[in-house]
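# Structural overview
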Amino acid sequence: MAKKQKIPNGFVLFDVLYEDGTRTSNRKVPASEIGGLDGDAPARVFVESQDRHIGEMSGIPRGRIKTIMRSDAKPPRDRSSRPQDSTGKL
């Protein structure tokens, strides 16, 4: 029996961290907007555009975006807190 193929839903989810410390999760960005050589950079432009539109409609502008990453991605590990032995190696 053949496997059922996954149908892409057309969106990629991103978590956005703003400079003022607020965070939004699972922001939808059309899959057609991202990819190629630019990677996820177009997603930032898309989210900034959404934020400008929302700010104009509500009268409350959003802060500047500090970082944007895929919702399913693991955050980068802080390597400065890794334990070391007396030789300086792990």
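As a starting point, this report considers the structure included with it. Please read all numbers here as calculations on a predicted model, not as lab measurements.

A few words now on the overall build of the protein chain. Broken down by element type, the protein chain carries one helix and three strands. For the protein chain, the succession of helices and strands along the chain, N to C, is β-β-α-β. Taking all 90 residues of the protein chain together, 18% fall into the buried category. Put simply, 40% of the contacts in the protein chain that link residues at least 6 apart link residues at least 24 apart. Here the protein chain displays about 7700 Å² of accessible surface, and carbon together with sulfur accounts for 54% of that area.

Our focus in this paragraph is the packing of aromatic side chains. As enumerated under the stated definition, the model contains zero aromatic pairs in all. When the ring centre of Phe 11 is taken as origin, the NZ or CZ atom of Lys 28, which lies over that ring, is 5.2 Å away. Directly above the aromatic system of Tyr 18 lies the positively charged group of Arg 62, at a separation of 4.3 Å from the ring centroid.

Turning our attention to the side chain of Thr 24. Turning to its location among the elements, Thr 24 is positioned in strand β2 (residues 23-30). For Thr 24, a relative accessible area of 17% gives the class buried.

Another point: the sheet that holds β2. What holds strands together in a sheet is hydrogen bonding between their backbones, with the strands either parallel or antiparallel. Judged by pairing direction, the sheet is antiparallel, and its three strands sit side by side in the order β2-β1-β3 without closing on themselves. The sheet terminates laterally at β2 and β3 (65-70), the two strands that pair on one side only. Neighbour to neighbour, the strand axes of the sheet diverge by 30° on average, direction disregarded. Judged from the five bridges that link them, strand β1 (residues 11-18) and β3 form a sheet pairing that is antiparallel.

Reading the values: the criteria
The numbering scheme is per chain: residues are counted from 1 as the chain's sequence reads. Per-residue local features of the predicted model are confined to residues with pLDDT of at least 70, and side-chain atom pairs are confined, for both listing and counting, to 80 or more; whole-chain, interface and lining totals are unaffected and use all residues. As a rule here, side-chain values cover all heavy atoms of the structure and leave hydrogens and water aside. To qualify as a helix, a DSSP run of H or I must reach at least 4 residues; to qualify as a strand, a run of E must reach at least 2; elements of each kind are numbered from the N terminus. Whether a residue is buried, partly exposed or exposed follows from its accessible area with a 1.4 Å probe, protein chains only, as a fraction of its type maximum: under 20%, in between, or over 50%, in that order. The criterion used for residue contact is that any of the two residues' heavy atoms lie within 4.5 Å. Residue-level accessible areas treat just the shown protein chains as cover; the underlying method is Shrake-Rupley with a 1.4 Å probe. Note on aromatic pairs: the rings of Phe, Tyr and Trp (six-membered ring only in Trp) are paired at centre separations within 6.5 Å, and the planes decide the class, stacked below 30 degrees, edge-to-face beyond 60, tilted for the rest. For a ring to carry a charge above it, either NZ of a lysine or CZ of an arginine must fall within 6 Å of the ring centroid while also lying within 35 degrees of the normal to the ring plane. Following DSSP output, two strands are said to pair if at least two bridges run between them. To obtain each axis, a line is fitted to C-alpha atoms, and for helices this fit is confined to the stretch in contact; angles are then taken between N-to-C directions over 0 to 180 degrees.

Geometry only, nothing functional implied.
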